[in-house]
Amino acid sequence: MTREELLALPVAVDLDTANKALTIGRSTGYALAKRGEYPVTVLKLGNAYRVVTADLHRLLGIDLAHAVGSVELCS
């Protein structure tokens, strides 16, 4: 995923989207989530897994405050 795509993500994403952002295969991502070993916190809501986007940003080193400031300067 590009930096712009990562910044455009909603507050929480499904596990497939998080896998794509982290370049983790689908099977591996689900196996890690089931074992509680996913690299960021995974929320299990019923049968669905969700990942908080801010956790992804932190892990990937995306400074959201700086990115938002950059967007405002370009407007």
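Going by the structure above, here's the rest.
Residues numbered from 1 in each chain as written. Predicted model: local features only at pLDDT ≥ 70, side-chain atom pairs only at ≥ 80, totals over all residues. Heavy atoms only, no water.

Caption draft 1: Representation of the sheet that holds strand E1 (residues 12-14). Across the sheet, three strands lie side by side as E1-E3-E2; this open sheet has antiparallel pairing. The open sheet is flanked by E1 and strand E2 (42-45), the only strands paired with a single partner. Going from strand to strand, the sheet's axes swing by 35° on average, the running direction of each strand aside. Alignment of E1 against strand E3 (residues 48-52), held across three bridges, turns out to be antiparallel. Within E3, the residue paired with Asp-14 across the bridge is Arg-50. Where helix H2 (residues 15-22) meets the sheet, its contacts fall on E1, E2 and E3, and the angle it forms with E1 comes to roughly 95°. (Pairing = 2+ DSSP bridges. Helix = DSSP H or I, 4+ residues; strand = E, 2+ residues; numbered from the N terminus. Axes fitted to C-alpha atoms, helices over the stretch in contact; angles between N-to-C directions. Contact = heavy atoms within 4.5 Å.)

Caption draft 2: Just the packing of H2 against helix H3 (residues 26-35), in detail. One way to put it is that H2 packs onto H3 with a least axis distance of 9 Å and a crossing angle of 115°. By the angle class used here, H2 and H3 are roughly perpendicular. Crossing hand, H2 versus H3: right-handed. Between H2 and H3, the residues in contact are Leu-15, Asp-16 and Asn-19 and Arg-26, Gly-29, Tyr-30 and Ala-33, respectively. Classifying every residue of the contact of H2 with H3 gives three nonpolar, two polar and two charged. (Parallel < 35°, antiparallel > 145°, perpendicular 65-115°, else oblique. Left-handed = near helix turned anticlockwise from the far one by under 90°. Nonpolar A, V, L, I, M, F, W, Y, C, P; charged D, E, K, R; others polar.)

Caption draft 3: Examining the nonpolar core more closely. In this structure, Val-13, Leu-15, Ala-18, Tyr-38, Val-51 and Leu-56 are the most contacted members of the largest nonpolar core, which totals 16 residues. Where this core is concerned, the elements lending two or more residues are H2, H3 and E3. No other element matches H2, which puts four residues into this core. Apart from the residues lying within four places of it in its own chain, the contact partners of Tyr-38 are Leu-15, Ala-18, Asn-19, Leu-22, Ile-24, Gly-29, Leu-32, Ala-33 and Val-51. (Core = buried A, V, L, I, M, F, W, Y, C linked by side-chain atoms within 4.5 Å. Buried < 20%, exposed > 50% of the residue type's maximum accessible area, 1.4 Å probe, protein only.)

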